[in-house]
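Spelled out, the chains give:
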Protein chains: 2
Amino acid sequence: MAPTLITAEALRAFGKGVLQKVGVPEEDAKIVAEILVESNLRGIDTHGIYLSNLYVRRLEKGLINPNPRFSFERKRSGVGILDADFSLGQVSTLEAARKAVELAKEAGTGIVAVKNSNHFGAAAYYAEYCTKRDCIGMVMSDGECDVTPFGGRDKFMGTNPICCCVPAGTHPWFCMDMATSEVAFGKVRAAAEAGKTIPPNWAVDRNGKPVTDATKAYAVVPMSGAKGYAISLMIEILSSRLTGMPYGSHIIRKFDDWENRAFMGHFVQAIDIGAFCPVEEFKRRMDEFFSDLKNQPRMEGIDEILIPGEPELRIKMQREKEGCPIREEDAALLRKLGEDFGVPFPA
Amino acid sequence: MAPTLITAEALRAFGKGVLQKVGVPEEDAKIVAEILVESNLRGIDTHGIYLSNLYVRRLEKGLINPNPRFSFERKRSGVGILDADFSLGQVSTLEAARKAVELAKEAGTGIVAVKNSNHFGAAAYYAEYCTKRDCIGMVMSDGECDVTPFGGRDKFMGTNPICCCVPAGTHPWFCMDMATSEVAFGKVRAAAEAGKTIPPNWAVDRNGKPVTDATKAYAVVPMSGAKGYAISLMIEILSSRLTGMPYGSHIIRKFDDWENRAFMGHFVQAIDIGAFCPVEEFKRRMDEFFSDLKNQPRMEGIDEILIPGEPELRIKMQREKEGCPIREEDAALLRKLGEDFGVPFPA
């Protein structure tokens, strides 16, 4: 069954509507819906509107706090800690990006460590918030464990995303937003459902042995083995160890655990470009670099060399016109959610 | 022919001696020799004492400045730019780490962008400098191009290293120091010399096609394809675009170009742990995390789960006792260097 195309506007209205029904204030509901739908627009549907079901159900059970009282402690001119009071991760991380930019505009760079937060969706939105204000934005988060350590056979680390966004002039922004596992577990699941094999460097079985039969996959592995393992640990350290949040294997599984609150930690940094050089000069330098990059000779079969973030931007332009494809499976879930809370899903 | 074992002390004395012969002040010569030999001790011989030949020859030709006048401009409380005046990269990057720690102790974090520098050897030394002062140290650098962009077939980016060092209590420090290519080109060269094949995800030929015959390898590829490509670009941006230094494909090849100075850029950041929490508390958190990690169930054939930096630390403990193995090829190069400058190589 082909996915239904739904406008971003209709998806945003739905998301905002259901979140408000469980006590999220209008402004926050709007922010969360916008951030979720931004992922749909960018083609990252795994972080899109379907998550509103998860969030609403957890809000309903009191596992996410709809009316958090943030407390931000500026510890030095360039760093601070934001206690998110168990808010929706989108609301707290956007607030952290605001504070990081504020600090950066003064100190040249600003780091905000976020504690007592929740899943924040895709990281790009917060990094782009910084970039819109002429900063380089960096966002990291840990997450519940799905990834084996290098040499280990049990899940220990999250897919620990890292995101960096940098402004350019005429070229699209640089926007790297990725999990540090070799692949997202979703890709393994998709291969299993489609009866396809997977490359041997993607996942391992219960005994830690590499598998090509996707149905036997138990955990995914770090990208590039020891290298991704190290980067993933760095992200975990920056996300949880500065604030004493739990790490990967101690983070509750948000889709499975309906008794306990999550205690998520994030790391948000802004670097004010204007502290180093005139912003327009920097953007010229970025354009020069990217023009050169895009003019590089290509491998056979490759039409174009892409800047990280460029594919997502193109999908966004298309989906803004045509609507976002929502899989029937997700539409059914959201229809049910809408029925339960009296907000009709627009398909 | 088995490598000769030489004590770190003797290697340091040699390095310091030859550098002084081409006008490097004693204190700087000592620093550079120490940093080079630290790589030998850690088992990273590609970044060790054999580089003294390269540096001395470039110094002799005036391509590296033995008596630089650094100018550090503190742009905001947390950021600054260090103009290295074409110094040895070790001297400037250590100075950058000093400044980054100074800024971090005040602003909570400190970034120093280094310009007009040279090859700095291995990054770990500078990050560890920060860690010894209870900071998280981050060091990045671009480099002359050896790596293809994702989808491209020509060299465009350096192997762009990233290093992060974090203190722990009883466990060894976390020390990630890696190139962002799938492998160092040296490994491909070694396979070619040994007549061994390489995995298809390591390198490409002149047409951008993956090769398993190492002798046909022209360039190495980013780790994990698009992911490593993005990380490598981020490092390039942070190392060169904030200060207007040339990027990968415009950086001179230090082993081949004997006419032009290099204009290297680095990015050094320190994060003061004490700005976020008591340092002892942080170290306890790191120990708790690493104890758990090291106790994780292992894959078959794996004796131990290692913390990034732990293998190098063990090699160092061994080599401090037994001496550093120097390949005959490198020993011959250094013997000749010693003869040319009247400083006998100790083997």
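The structure presented is a predicted model; accordingly, all values stated were derived computationally and were not measured. (Residues numbered from 1 in each chain as written. Chains lettered and ligands numbered in written order. Predicted model: local features only at pLDDT ≥ 70, side-chain atom pairs only at ≥ 80, totals over all residues. Heavy atoms only, no water.)

**Some details on the side chain of Asp272(B)**
Point 1. With respect to the secondary-structure elements, Asp272(B) resides in strand S10 (residues 264-272).
Point 2. Owing to a relative accessible area of 3%, Asp272(B) belongs among the buried residues under this scheme.
Point 3. One polar contact links Asp272(B) to Lys105(B), side chain to side chain, over a distance of 2.9 Å.
Point 4. Those residues in contact with Asp272(B) that lie beyond four places of it in its chain are Arg76(A), Ala104(B), Lys105(B), Gly108(B), Asp134(B) and Cys135(B). (Helix = DSSP H or I, 4+ residues; strand = E, 2+ residues; numbered from the N terminus. Buried < 20%, exposed > 50% of the residue type's maximum accessible area, 1.4 Å probe, protein only. Polar contact = N/O pair within 3.5 Å; in protein donor to acceptor, adjacent residues only side chain to side chain. Contact = heavy atoms within 4.5 Å.)

**Brief notes about the sheet that holds strand S4 (residues 109-117) of chain B**
Residue and element names in this part refer to chain B.
Point 1. Ordered by their spatial adjacency, seven strands build an open sheet running S2-S3-S4-S10-S5-S6-S7, and the pairing between neighbours is mixed. Both edges of this open sheet fall to strand S2 (71-76) and strand S7 (174-178), since each of them pairs with a single strand only. Neighbouring strand axes in the sheet, compared pairwise and without regard to direction, differ in orientation by 15 degrees on average.
Point 2. Pairing analysis gives seven bridges linking S4 to S10, with the strands arranged antiparallel. Note that in S10 the partner of Val 114 across the bridge is His 266.
Point 3. Contacts between helix H4 (residues 89-107) and the sheet are confined to S2, strand S3 (79-83), S4, strand S5 (135-141) and S10, with S4 contributing the most and set at about 160 degrees to the helix. (Pairing = 2+ DSSP bridges. Axes fitted to C-alpha atoms, helices over the stretch in contact; angles between N-to-C directions.)

**A few points about the relation of the copies chain A and chain B**
Each of the two chain copies can be generated from the other by rotation about an axis followed by a shift along it.
Point 1. Superposing chain A onto chain B takes a rotation of 180 degrees combined with a translation of 0.0 Å along the rotation axis, leaving an RMSD of 0.0 Å. In symmetry terms, the pair is related by a two-fold rotation axis. Measuring from the rotation axis to each C-alpha of chain A, the shortest distance belongs to Ser224(A), at 2.8 Å.
Point 2. Take the interface residues of chain A: 100% of them recur as interface residues in chain B, which is what a same-surface contact looks like. (Least-squares fit on C-alpha atoms with pLDDT ≥ 70 in both.)

**Details of the interface of chain A and chain B**
Point 1. On the side of chain B, 81 residues touch chain A, which itself brings 81 residues to the contact.
Point 2. Roughly 6700 Å² is buried in total at the junction of chain A and chain B, and carbon and sulfur atoms are behind 67% of that figure.
Point 3. In this structure, the connection of chain A to chain B is made through six salt bridges.
Point 4. Across the pair Arg241(A) and Glu288(B) runs a salt bridge whose closest N-O atoms are separated by 3.2 Å.
Point 5. Linking chain A with chain B are 36 residue pairs in polar contact (both at pLDDT 80 or more).
Point 6. At ten residues, helix H7 (residues 226-241) of chain A tops the list of elements feeding residues into the side of chain A that touches chain B.
Point 7. Tallied by class, the residues present in the side of chain A that touches chain B amount to 45 nonpolar, 18 polar and 18 charged. (Buried area = accessible area lost by both parts, 1.4 Å probe. Salt bridge = Lys/Arg side-chain N within 4 Å of Asp/Glu carboxyl O. Nonpolar A, V, L, I, M, F, W, Y, C, P; charged D, E, K, R; others polar.)

**A short note on the sheet that holds strand S10 (residues 264-272) of chain A**
Point 1. The seven strands lie next to each other as S2-S3-S4-S10-S5-S6-S7 (chain A), forming an open sheet whose pairing is mixed. Each of the sheet's edge strands pairs with one partner strand only, and the pair in question is strand S2 (71-76) and strand S7 (174-178) of chain A. The average undirected angle you get between the axes of adjacent strands in this sheet is 15 degrees.
Point 2. Sitting on the sheet, helix H5 (residues 124-132) of chain A touches strand S5 (135-141), strand S6 (162-166), S7 and S10 of chain A, and the angle it makes with S5(A) is about 160 degrees.
Point 3. The sheet contacts of helix H7 (residues 226-241) of chain B involve S5, S6, S7 and S10 of chain A, and relative to S7(A) the element is tilted by about 135 degrees.

Purely geometric stuff here, so don't read any function into it on its own.
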